[in-house]
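# Observations on the model geometry
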Amino acid sequence: MTSGTDFKFQISNFKLTPSQRKAVFHKEGPLLVLAGPGSGKTRVITCRIAALIDSGIKPYNICAITFTNKAADEMRQRAVALGVSGGAHISTFHSLCVRILRQYADRAGIKANFSVYDEADQSKCIKQAVKDCELDATNFPPARMLEYISKLKNMLIDVDFFKAQADEFRTEKIAKIYSHYQRILTEHNALDFDDLLMKTAFLLESYPDVCCELGNRFKFLLIDEYQDTNHAQYRIAKALVSQHNNICATGDPDQSIYRWRGADLRNILDFEQDWPDAIIVKLEENFRSKPEILGVADKLIAENKNRKPKKLIAIKPPVGKVVLTQFEDETEEAQAVAQQVKELTDEGASLKDIAVFYRVNAMSRVLEEAFIQNKIPYQIVRGVEFYNRKEIKDLLAYLKILVNPSDDIALLRIINTPSRGIGKTTIDRVRAYAARHSISFFEALKKAKNIDSLSKGVQAKLGAFINMQERFKKDISGKVAPLAERVFVKSGLSEFLRCAGEEDAIENVNELINSAAQYDQQTQTPTLLDYIQQISLFSDVDRYDTSSERVALMTLHAAKGLEFENVFIVGLEEGLLPHEKSNTDDQEDLEEERRLFFVGITRAKVGLYISYARYRTIRGQMLRGSPSPFLFELGSMAAFAPGQLVRHESFGLGRVEEFIDMGENSVVVVKFENGQTKSLMLKYADLSKVNI
DNA sequence: CATAGCCGCCTTTTT
DNA sequence: GGCGGCTATG
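Residues numbered from 1 in each chain as written. Chains lettered and ligands numbered in written order. Predicted model: local features only at pLDDT ≥ 70, side-chain atom pairs only at ≥ 80, totals over all residues. Heavy atoms only, no water.

### Focus: the overall build of chain A
Scanning chain A from terminus to terminus reveals 28 helices and 22 strands. The C-alpha atoms of chain A give a radius of gyration of 28 Å, which matches the 26 Å a tight globule of 692 residues would have. Its C-alpha atoms give chain A principal-axis dimensions of about 95 × 65 × 55 Å. Out of the 692 residues in chain A, the part that is buried amounts to 55%. Taking all contacts inside chain A whose residues are at least 6 apart in sequence as the whole, residues at least 24 apart take part in 74%. (Helix = DSSP H or I, 4+ residues; strand = E, 2+ residues; numbered from the N terminus. Rg over C-alpha atoms; globule rule 2.2 N^0.38 Å. Buried < 20%, exposed > 50% of the residue type's maximum accessible area, 1.4 Å probe, protein only. Contact = heavy atoms within 4.5 Å.)

Structure below.
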């Protein structure tokens, strides 16, 4: 039926398996694609978009949701490569929500020019909220409060609802903090990440006409990484497809690693109950990894109790390589990684096909040093490093105020940056005036002349600042990059950085302006508002350059969705993976850590190098570590296979004769150089592998 | 009002 | 070990 010679798009060029074909050519109604790692899921989704368009659906009526902006970018590119000219909406959930909320701002009860607050902004607001409630920051730690509120919002529990429920001392206080926090955000005309989802869900559920309009616009909804959606996202999806049920969700429960952020596995596990006529397609064949690597992954993930068993079917022929190595400390480990990378490149491997994964960002430092020492090009893929830079935040703050003058966080950030003689006392006086007259801080600034407590000199300085803002505002419409450039110069930021000799900072700003230029080019009608709102959702992961000849260093979380020829996973120690902060008594938490390791392993195509160190410096303290319990779950394949050369502290060099797999109590039989043969318990033996 | 320096806080993962 | 916030000093 699908001999496929008359496709408008290039789908016929792909060899698709029967299952993939079933998913690609599924027409209407709910579809769940349970896709194991390396099963060609991304390709299936893009082919499906092309197939839908081929069958007469307008691109405009398709909405695809990805987990990161980077993934959205790639999907767009892939679609173009397939011959799909564009027009389909492809973005993250958060980006989609920004667009919807802007369009229906009045009914969502917000203003369209809202700011999107990031973690640092949120932190300032919550601290203020705790203070306003006259509560102690030790008993109500701001970070914990944010976490709590985030969870509430993800569950679509708003202030009023939570207040009504709060019936004990602590929850009552938290309700109060929640309420104050929300009030501060409203005053600033700002939404946090979770608000974007919550407000959209409420909008869709309270206004059937809006829901209907969007349902008609997006006749087909595709959601990738469905295992990591939270309850708010689920409700949004449910509302968006309520008229036609054309939902296609893809994901893998074994790769769910964002439970801590509110991801709810039930979304994917209960898909069939939510959409009873759903077609389920399983993609179990793995086109990515060598069987040796899959074997290890399979053994590990089988230890998870709360899971539907699933096959991992290796398609690639052997031989892949799985190596487990013990090191003395993290420096030795990092050096060995660098050495191994060199060997791989000597054998012809490409640096961009090599990655190093770790559990926490702090572990990147040693690796970085080793790579620098060994002159190996690398790039660190980190959360928000770039967007957290002072100079970037400063320039963005200037731009944010132009869009949303109520954004006090942005305003206070730059009112005296670079210094223009407006200090704390002045700010307090303006603030007091604003409070007395119930106007915003920005409005108060405009009326500086009426504030008696301010000297003439200070009033003039404030006047100059406001005038500058007004001048910027005159050419706010049109392209973003030229405006950003102008603001950078005229604000004095540029001059300030030059005088301070901050050349790197200027470089960074230039990169930002370049990205704005790129935005101008790619967008039909670029506006500063849209740019600012979208960029607030960007992270460094989105800046990861997959094409540059550098080794990629990243956390296991950031590794999701990627693949490499050779993968290093370092720091396989108790307390680090599984991380001590994950509650190891809690089976769910432990299983998520295991899935995290699973995700890391299954990124590797050919070579997988796992390591742990006997000693590791954590927070400046050298601590003795023990191998991660997960290592004993990998089976003999990753362990000390017969023939493996090993070294023992007192017995010296030896060769493994036999490996008796007993999980954590595994025993290795080693014949040593001195003629002795010993049976050693792996966990006590302190054997290290010697690789030749 | 600006700046330097110090103290105390946190450090799992991120849209 | 790193950053934000506070304080003391110029």
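### Thoughts on the protein's contact with DNA strand B
By nearness alone, 25 residues border DNA strand B, and Arg359, Thr425, Thr426, Ser539 and Arg619 come closest of all. Sugar and phosphate atoms constitute 53% of the interface atoms of DNA strand B, taking the interface as everything within 4 Å of the protein. Within the side chain of Asn361, one N or O atom sits 3.0 Å away from a phosphate oxygen of DNA strand B. Between a phosphate oxygen of DNA strand B and a side-chain N or O atom of Thr426, the distance comes to 2.3 Å. Residue classes in the surface near DNA strand B are distributed as 7 nonpolar, 14 polar and 4 charged. (Near = heavy atom within 4 Å. Polar contact = N/O pair within 3.5 Å; in protein donor to acceptor, adjacent residues only side chain to side chain. Nonpolar A, V, L, I, M, F, W, Y, C, P; charged D, E, K, R; others polar.)

### Focus on the environment of Ala137
With respect to the helices and strands, Ala137 occurs in the loop between α6 (119–132) and α7 (142–154). When residues no more than four places from it in sequence are discounted, the contact partners of Ala137 are Val130 and Pro142.

### Some points on the packing of aromatic side chains
All chains considered together, the criterion is met by 12 aromatic pairs. Ring centres 6.0 Å apart and planes at 55° place the aromatic pair Tyr148 and Phe162 in the tilted group. Taken together, the residues span a long stretch of sequence, with Tyr148 in helix α7 and Phe162 in helix α8 (residues 159–165) at a distance of 14 residues. Look at Tyr148 and you get partly exposed, because its relative accessible area is 32%. Here Phe162 falls in the buried class, since its relative accessible area comes to 6%. Ring centres 6.0 Å apart and planes at 70° place the aromatic pair Phe357 and Phe564 in the edge-to-face group. Pair noted here: Phe357 is in strand β12 (residues 354–358) and Phe564 is in strand β15 (residues 564–569), with a separation of 207 residues, a long-range link. The exposure classification of Phe357 matches that of Phe564, with both residues buried. (Phe/Tyr/Trp six-rings, centres within 6.5 Å; stacked < 30°, edge-to-face > 60°.)

### Brief notes about the side chain of Arg48
You can see Arg48 is positioned in helix α2 (residues 41–54). Within the buried core, Arg48 has no salt-bridge partner, and the shortest N-O distance to an opposite charge, that of Glu28, equals 8.8 Å. A polar contact is formed between the side chain of Arg48 and the backbone oxygen of Ala23, at a distance of 3.5 Å. Leave out the neighbours within four places in its chain, and Arg48 touches Ala23, Val24, His26, Lys27, Leu31, Phe220, Leu222 and Cys248. (Lys, Arg positive; Asp, Glu negative; His and termini not counted. Salt bridge = Lys/Arg side-chain N within 4 Å of Asp/Glu carboxyl O.)

### Examining the nonpolar core
With 71 residues, the main nonpolar core has Ile177 and Leu196 as its most contacted residues. Ile392, Leu395, Phe488 and Ile506 belong to the second-largest nonpolar core, a separate cluster that totals 52 residues. (Core = buried A, V, L, I, M, F, W, Y, C linked by side-chain atoms within 4.5 Å.)

### Details of the packing of helix α10 (residues 193–206) against helix α12 (residues 231–240)
Between α10 and α12, whose axes approach to 9 Å, the crossing angle comes to 30°. The angle between the axes of α10 and α12 places the two elements in the roughly parallel class. Both α10 and α12 take part in a crossing whose hand is left-handed. Contact with α10, carried on its side by Leu197, Thr200, Ala201, Leu204 and Glu205, involves Ala232, Gln233, Arg235, Ile236, Ala239 and Leu240 of α12 and no other residues of that element. Grouping the constituent residues of the contact of α10 with α12 by class yields 7 nonpolar, 2 polar and 2 charged. (Axes fitted to C-alpha atoms, helices over the stretch in contact; angles between N-to-C directions. Parallel < 35°, antiparallel > 145°, perpendicular 65-115°, else oblique. Left-handed = near helix turned anticlockwise from the far one by under 90°.)

### Side note on the sheet that holds strand β2 (residues 62–66)
In space, the 6 strands of this open sheet follow the order β3-β2-β6-β7-β1-β8, with parallel pairing throughout. Either end of the sheet is taken by a strand with one partner, and the two such strands are β3 (89–92) and β8 (279–283). When the angles between neighbouring strand axes are averaged without regard to direction, this sheet yields 15°. Where α2 meets the sheet, it contacts β1 (31–35), β2, β6 (220–223), β7 (247–251) and β8, and its direction lies at approximately 175° from that of β6. With respect to the sheet, helix α3 (residues 69–82) is in contact with β2 and β3, its orientation differing from that of β3 by roughly 160°. (Pairing = 2+ DSSP bridges.)

### Things to note about the pairing of β12
Counting buried positions along β12 gives 5 out of 5 residues, so the element sits mostly inside the fold. As paired elements, β12 and β15 share 4 bridges and run parallel to each other. Directly across from Phe357, in β15, lies its bridge partner Ile569. Pairing between β12 and strand β14 (residues 551–555): 4 bridges, direction parallel. Considered in β14, the bridge of Ala355 is made with Ala552.

### What about empty space enclosed by the protein?
This model, assessed by the stated rule, comprises 1 cavity of 30 Å³ or more. Roughly 40 Å³ of volume is contained in the largest cavity. The wall of the largest cavity is formed by Glu330, Glu333, Ala334, Met363, Val366, Leu367, Val570 and Arg616. Here the lining of the largest cavity gets 3 residues from one element, more than from any other, and that element is helix α16 (residues 330–346). Partitioned by chemical class, the residues of the lining of the largest cavity number 5 nonpolar, no polar and 3 charged. (1 Å grid on protein atoms, 1.4 Å probe; cavity = no way out; pocket = protein on both sides within 12 Å on 5 of 7 lines; lining within 4 Å. Points joined across faces, edges and corners; volume = space filled by probe spheres on them.)

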